[in-house]
Each structure stands twice: as structure tokens, then as C-alpha cells.
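Report on the structure
Here are the chains, one letter per residue:
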Amino acid sequence: MSSSTTKSEFWRGVRSGAPFTLVVAPFAMLFGVLATEAGLQLTETMVFSILVIAGAAQFTALQLMQENVPTVLVLVSALAVNLRMAMYSASLTPHLGAAPLWQRAVIAYFTVDQSYACSVARYEAAPDLTVPQKVAFFFGSVAPVCPLWYVFTYVGAVVGETIPDSFALDFALPITFLAMITPMLRTAAHVVAALTAIVIALLCTGLPYNLGLIVAGTAGMMAGARTELWQMRRAPQ
Amino acid sequence: MTDAAQIDTTQLWVVIVGLGLGSFGLRFVFTGLIGDRTIPEWLLRHLRYTAVAVLPALVAPLVLWPAATGGTPDLARGAAACATVLAGLLLRNVLASIIAGAGTLWIVLWLTGGGGL
């Protein structure tokens, strides 16, 4: 394949990632604001966003640290939120597994909700793309999204201190998570997983060290997997 | 969040570095290490539901017993949560859903004299 088609795949990726800037910019800014409110220095906030580059896990860790949860459990809970990245990684492997190792390492770092969603949709629509073209598309979809994550974390951290209490920013995290989860509830199994996790989480709030989150998350995953199996067996072949 | 406990600097850096390495590990585990080998179906089936299980479990107690009101259920925050989910179900759009939730929160807070814009 010529380099010009690889280049056109990159730009196709840029166009498919572009709409997500509307979501990523406010979300990153919110992290900057909440991190500053929680007492983090500008450097700490920026390193956090650059090293971890995963909104939901960053918010989870920030919330739990403020509740004085032990470090190990902060890490386990935040990584549990990020387990879906392993799923994305698994799903990208058949398409990108043949790329050079250094490219796969960079791809791994930039595997986020948006780049995954764009790329898998493209690979399924155009299975004949070469590996370099698929890699080019992936980086194209990352280009408009990830730099904004850093920039708007900075903006949020800088303006954060000027935001008054009456804005009720304490509730920004629940609203953002609920808004992220609801469109993910595509099947009955997803709904069962979410409802099970909610009920168990509410019943387990008494558990020490926020262990309720891990118990409820595991129970929700098992309930979702069970429901999926049950539906597959009932579905007419 | 103003009355939240101060985060310990050591804990913060351990969490930042640990979460950075751990997140990279999760993203690299299949793309980088598994290569062309297949992943067991049962594992994939559980991984599919991690986000929709863990995130609601995290949010549910924060909605019912908000820290800002000292753990007492709050009309504005409950209404905002409902509006967010409802907008998400109807519009399937993250940004629209956030706007619906934040708008509801501020309107109800303002109506009940608890703050707002």
C-alpha cells in the first residue's frame, strides 16, 4: 500500500475522533478543578493526567483518597474502573497485534474510550486495511482527543480555585459518571449488571476501606455475564 | 468538597505512579503480550460488564448519601441524578446528559435556597 493511503487513514481517524473533543474538554477541565479543590498542586494534577490518562479512574482515585481509604484499596478500586481498558486491548489485538512492539506500546498508552470506539468501528467496516493503515487510523483518532485532555486539565487546575461553593461541584463527579454509564446500557445484561452493582453497593456501605465497591463491582460483572449466557441459551438459533 | 480531608502527599504520588503503571499494564496486556493468542471467552464476558458494574457501584452511595449534606439525602442532588439518567436514556448523548443533570441541580438548589448560580 502506498504511503498516501496510510496518510488518508490518519486523517479519516482525525475526523472520526473530532466530535469527542466536546466531551473530553469539559471532562478534563472538571478533573483539573476537582483535583485543585482536593488540594493537589498544579504539577501533581498534570502528572496525574499525563501518566494515567483515564478520566473515570482518576476521578475514582481522587474521591477515595479524600475519604482516607488505604492506598492499596485506592489502587485496586481505580484499576477496577480501568479494567475495561484490558477489554479494549483484547479487542484491538486481532487488528493491531502484528504491528511493531514499540507501536503497540504507544497504542497501549493511548487506548482510551474514544480511540477504541472509533478504531474498532473503522476496522469492522473496512477489514481489508493493512496493519500500517489501521495504526495510522488509530493515531488519527487519538490526535484531536488526547492533547485536549492535558490542555484542559491545566485550564481546570488554573481556574479551579476561583469557582464558588454554590456551584455544588461535589456533585459533578456523580453526574459525569451517570452520564457516561447510561449510554453504555445497551442490553438487558448491561442493565442487570448495573442494577446488581447498585443494590450490593448500597447494602455494603458499612464495609471498611470501601471494600463494598469491589464486592459490588464483582457481583455486577458476574450478574452481567450470567445474564448474557442465559440470554444466549434462550435465544432461537 | 471544601471540608474533605487533606490528601497525604506520599499516598498521592504512590497512587499517581501506581495507577499510571497499572493502567498502562491493563492497556498493554493483550495488545502487547498476548499477540495473536486467543483470550478465554468467559474472561471477555466478565470484562464486558466492568464499566457498567463498577461505576454505578461507586456513584450510588454518593447520590443517596451526599457528603456535602453530611450524608442526608438531598432533593437537589437526587433530582439531578434522575435527570442525568433520564436524559442519557432518551438522548444517548453524554454531554446533553451532563447539562441536564447540572441544570437540574442548580435550578433545584436555587429554588430551595441552597445555592445555585
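Residues numbered from 1 in each chain as written. Chains lettered and ligands numbered in written order. Predicted model: local features only at pLDDT ≥ 70, side-chain atom pairs only at ≥ 80, totals over all residues.

To continue, consider the overall build of chain A. The number of helices and strands found in chain A is 13 helices and zero strands. Order of helices (α) and strands (β) in chain A, N terminus to C terminus: α-α-α-α-α-α-α-α-α-α-α-α-α. On C-alpha atoms alone, chain A measures out to a radius of gyration of 20 Å, which is about the 18 Å that the 2.2 N^0.38 rule sets for 237 residues. In terms of its C-alpha atoms, chain A occupies a principal-axis envelope of roughly 60 × 55 × 30 Å. Across the 237 residues in chain A, those meeting the buried criterion constitute 53%. Restricting to contacts in chain A with at least 6 residues of sequence separation, those with at least 24 account for 76%. (Helix = DSSP H or I, 4+ residues; strand = E, 2+ residues; numbered from the N terminus. Rg over C-alpha atoms; globule rule 2.2 N^0.38 Å. Buried ≥ 20, exposed ≤ 12 C-beta atoms within 10 Å, placed from the backbone. Contact = placed C-beta atoms within 7 Å.)

Counting secondary structure elements, chain B contains five helices and zero strands. Reading the secondary structure of chain B in the N-to-C direction produces α-α-α-α-α. Within the span of chain B, comprising 117 residues, buried residues form 44% of the whole. Contacts spanning at least 24 positions in sequence make up 30% of the contacts within chain B whose residues lie at least 6 apart.

What follows covers the interface of chain A and chain B. Tallying the contact residues gives 81 residues for chain A and 71 residues for chain B. Counting residues per element, the side of chain A that touches chain B draws most heavily on helix H6 (residues 83-96) of chain A, which supplies ten residues. Within the side of chain A that touches chain B, the residues separate by chemical class into 56 nonpolar, 18 polar and seven charged. (Nonpolar A, V, L, I, M, F, W, Y, C, P; charged D, E, K, R; others polar.)

Another aspect to go through is the environment of Arg226(A). Take Arg226(A): it is sitting in helix H13 (residues 211-234). The class of Arg226(A) is partly exposed, set by 17 C-beta atoms lying within 10 Å.

So, about the domain arrangement of chain A. Residues and elements named next belong to chain A. Domain annotation of chain A identifies domain 1 (3-168) and domain 2 (185-237). Contacts between the two partners involve eight residues from domain 1 and, on the opposite side, five residues from domain 2. When residues in the side of domain 1 that touches domain 2 are grouped by element, the largest group, four residues, is from helix H5 (residues 71-81). In the side of domain 1 that touches domain 2, the residues fall into six nonpolar, one polar and one charged. (Domains from an automatic or database assignment.)

Moving on: the confidence of the model for chain B. All names here are of chain B. Counting all residues, the mean pLDDT for chain B is 85, and 89% of those residues have values of 70 or more. Highest mean pLDDT in chain B belongs to helix H4 (residues 75-91) (94); lowest belongs to helix H2 (residues 41-47) (84). Scored as a complex, the prediction yields pTM 0.75 and ipTM 0.81. (pLDDT = per-residue confidence, 0-100.)

As a further point, take helix H8 (residues 113-125) of chain A. Under the 1.5 Å per step criterion, the end-to-end length of H8(A) is 18 Å for 13 residues, consistent within 8% with the ideal 18 Å. Of all the positions in H8(A), only Asp113(A), Gln114(A), Ser115(A), Tyr116(A), Cys118(A), Ser119(A) and Arg122(A) are classed as buried. (Expected span 1.5 Å × (residues − 1).)

Time to look at H4(B). The terminal C-alpha atoms of H4(B) lie 24 Å apart, and with 17 residues this matches the ideal 24 Å at 1.5 Å per residue to within 8%. Tucked into the core, H4(B) has its buried residues touching helix H11 (172-181) of chain A together with helix H3 (50-64) and helix H5 (94-111) of chain B. Positive phi shows up at Arg92(B), right after H4(B), with a value of about 55 degrees.

Here the focus is unusual backbone geometry. Residues other than glycine seldom take positive phi values, yet Ile53(A) does so here, at roughly 40 degrees. A tally of 22 C-beta atoms within 10 Å means that Ile53(A) is categorised as buried. Residues other than glycine seldom take positive phi values, yet Arg92(B) does so here, at roughly 55 degrees. Within the secondary structure, Arg92(B) sits in the loop between H4 and H5.

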